[in-house]
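Fold and contact review
In case you want the letters, here they are:
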Amino acid sequence: MLRLLGAAAIAALFATTLPASAQEKTAISITRQPGILYLASHVMETQKLIEKQAAKEGLDGLTIQWRTFSGGGAQTDALLAGNVDIVNTGSGNLLLLWDRTKGRVKGIIPSSAQPVIMVSNDPKIKSLDDIGPSDKIAVPTVGVSTQAILLQMAAAAKYGEDQVRKLDSNTVQLGHPDAVAAIANPNHEVKNHFSAPPFQYIELKQKGVHRVTDSREIIGGSLTQATFFTTTGFAESNPVIIKAVREATKQAVAYIKNDPKGALEAYKTITGDKTSIDDLMAIMNEPGFIDDYRTEPQGTMKFATHLNKIGTLKMQPKAWTDYYLPESADLNGN
């Protein structure tokens, strides 16, 4: 996991990401996690938006391998190891890697800011106050995922700054699809899941499953849930690809808003998700849901301030532009 990365891994990152030549790569790999938070990436893949944009900028023949990981920790480990070029995951992972590498990893552009919801099938758990020592909460990556950090922020607000890690011992690592299966099984030891779309809405349709809290309640507004980021070395060596990713993300977000059904067809084609289009459209029609496919960083400085306060981030950014590439300064984020 990211919090366990050693000096050797960081040194390897620095060694492998310094610009080697002016020649851009023509084959890259990009990661993402399961779910429609990453819907823009599915549109980008099926319509080859990055490849088309790169060709317009003079980089012909670009090929992309899209890879899906169950959690953000595995994605960032792969980035550090040099096994992937760009990742698409949560703000927490971006901030942690930016800090660990002393600014050598930075954001390119976000793609979504939908709320993530913690659900439970345990009737006694109505709020975080009801979580006992033996109650387990599934999160994508223990300690460093957006959901895990949100639980820390909630604990600090509810119980005091000295209790910021009060719920850490309750968290267990499960990918969202596996956590959905756990919540559907009344005999499973995991009865709580800090989820993500579409999984949280699938769970909430099950008998006895209810909402406990969500990211908007904890952070007081929208929070970027999916953002593309990479090493500064890759960005410096591949400016056309970086520009293509930015433009393709904007195009994909515009497409989602113009044709959400078409975007969902792309998602189903890529993922094999058996959820019906009607059910997925019902999720898209949740108040404000489609509007939160957006390319401006949202709520990230609140995250950064929290992580610095508890010592997880050694560096306190002055503004969100500190951990995004200079090319992204026009995004009007926060």
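Look above for the structure.
Structure report, in brief. What you see as residue numbers is a count from 1 along each chain, following the sequence as written. Residues qualify for local features only when their pLDDT is at least 70, as the model is predicted, and side-chain atom pairs are given and counted only at 80 or more; totals for whole chains, interfaces and linings, by contrast, use all residues. Calculated side-chain values reflect all of the structure's heavy atoms, with hydrogen atoms and water omitted.

Here's the deal with the overall build of the chain
Counting secondary structure elements, the chain contains 14 helices and 10 strands. Every radius of gyration here is taken over C-alpha atoms, with the globule rule written as 2.2 Å times N^0.38, N being the number of residues. Its C-alpha atoms give the chain a radius of gyration of 19 Å, near enough to 20 Å, the size a compact globule of 334 residues would have. For the chain, the spread of C-alpha atoms along the principal axes amounts to about 60 × 45 × 30 Å. Counting across all 334 residues of the chain, residues that qualify as buried make up 58%. Residue contacts follow a heavy-atom distance rule, with two residues in contact if any of their heavy atoms lie within 4.5 Å. Sequence separation of at least 24 residues holds for 77% of the intrachain contacts in the chain that already meet a minimum separation of 6. Here the accessible surface of atoms and residues is derived via Shrake-Rupley with a 1.4 Å probe, and residues count as covered only by protein chains that are part of the display. Of the roughly 13,100 Å² that the chain leaves accessible, carbon and sulfur atoms contribute 51%. Helix numbering and strand numbering both begin at the N terminus, where a helix is a DSSP run of H or I of at least 4 residues and a strand a DSSP run of E of at least 2. Three labels apply to residues, based on accessible area from a 1.4 Å probe with only protein chains included: buried if under 20% of the type maximum, exposed if over 50%, partly exposed otherwise in between.

Digging into the sheet that holds strand β4 (residues 105–112)
Across the sheet, 5 strands lie side by side as β2-β1-β3-β10-β4; this open sheet has mixed pairing. Because the sheet does not close on itself, it has two edges, and the strands there are β2 (63–68) and β4. Strand after strand, the sheet turns through a mean of 20° between neighbouring axes, direction not considered. Here, any two strands with at least 2 DSSP bridges between them count as paired. Examined bridge by bridge, strand β3 (residues 86–89) and strand β10 (residues 226–231) share 4 bridges and lie antiparallel to one another. Each residue of the ladder has a partner; that of Val87, found in β10, is Phe229. The axes are straight lines fitted to the C-alpha atoms, using for helices just the contacting stretch, and the angles between their N-to-C directions are given from 0 to 180°.

Things to note about the environment of Tyr267
For Tyr267, the position within the fold is in helix α12 (residues 260–271). The spatial distance from the C-alpha of Tyr267 to the C-alpha of Asp291 is 18 Å, given a sequence separation of 24 residues. Filtering out sequence-adjacent residues up to four positions away, Tyr267 remains in contact with Gly35, Ile36, Leu39, His42, Pro198, Gly272, Asp273 and Leu280.

Some details on unusual backbone geometry
Pro198 follows Pro197 through a cis peptide bond whose omega is 0°. The residue Pro198 is located in the loop between β8 (190–194) and α8 (199–204) in this model. At Lys48, a residue that is not glycine, the phi angle is positive and equals roughly 50°. Here Lys48 shows up in the loop between α2 (39–47) and α3 (49–56).

Focus: the pattern of salt bridges
Opposite charge on two side chains makes pairing possible when the charged atoms of those side chains draw close. The salt bridge definition used is simple: a Lys or Arg side-chain nitrogen within 4 Å of an Asp or Glu carboxyl oxygen. For the structure on display, the rule yields 17 salt bridges. The partner of Arg216 in a salt bridge is Asp292, with the nearest N and O atoms 2.3 Å apart. Of this pair, Arg216 sits in helix α9 (residues 215–219) while Asp292 sits in the loop between α13 (277–284) and α14 (300–309), placing them 76 residues apart in sequence. Put simply, Arg294 and Asp292 hold a salt bridge, and the shortest N to O gap is 3.6 Å. The class for Arg294 is partly exposed, based on a relative accessible area of 25%. Connected through salt bridges with shared partners, the residues Arg216, Asp292, Arg294 and Glu296 form a single ionic network.

Focus on the sheet that holds strand β9 (residues 210–214)
Taken in spatial order, the 5 strands of this open sheet run β7-β6-β8-β5-β9, and their pairing is mixed. Each edge of the open sheet is held by one strand with a lone partner, namely β7 (171–173) and β9. Taken over all neighbouring pairs, the strand axes of this sheet differ in orientation by 30° on average, direction set aside. Sheet contacts for helix α7 (residues 176–184): β6 (136–139) and β8; angle to β8, the most-contacted strand, approximately 140°.

Thoughts on α7
For α7, the set of buried residues is His176, Ala179, Val180, Ala182 and Ile183. The arc that holds every buried residue of α7, seen down its axis, measures 160°, which confines them to one face. For α7, the secondary structure elements touched by its buried residues are β6, α6 (146–159), β8 and α8. Throughout, the arc means the angular range of directions from the helix axis out to the C-beta atoms.

Observations regarding the side chain of Ser111
Note that Ser111 resides in strand β4. Classification of Ser111 by relative accessible area gives buried; the value is 1%.

A word on α12
Take the residue count of a helix, subtract one, and multiply by 1.5 Å to get its expected span. Between the first and last C-alpha of α12 there are 16 Å, a value that for 12 residues agrees with the 16 Å anticipated at 1.5 Å per step. If you check which residues of α12 are buried, you get Pro260, Gly262, Ala263, Leu264, Ala266 and Tyr267. Against α2, α11 (239–258) and α13 lie the buried residues of α12. Among the residues trailing α12, Gly272 stands out with phi positive, at a value near 75°.

Quick look at the packing of α2 against α3
Taken N-terminus to C-terminus, the directions of α2 and α3 make an angle of 60°; their axes are 5 Å apart at the nearest point. Overall, the two elements α2 and α3 adopt an arrangement that is oblique. Across the interface between the two elements, Val43, Met44 and Gln47 of α2 pack against Leu49, Ile50, Glu51 and Lys52 of α3. When residue character is reported, Ala, Val, Leu, Ile, Met, Phe, Trp, Tyr, Cys and Pro are called nonpolar, Asp, Glu, Lys and Arg charged, and the others, Gly included, polar. For the contact of α2 with α3, a count of residues per class yields 4 nonpolar, 1 polar and 2 charged. Working definition: roughly parallel below 35 degrees, roughly antiparallel above 145 degrees, roughly perpendicular at 65 to 115 degrees, and oblique for all remaining angles.

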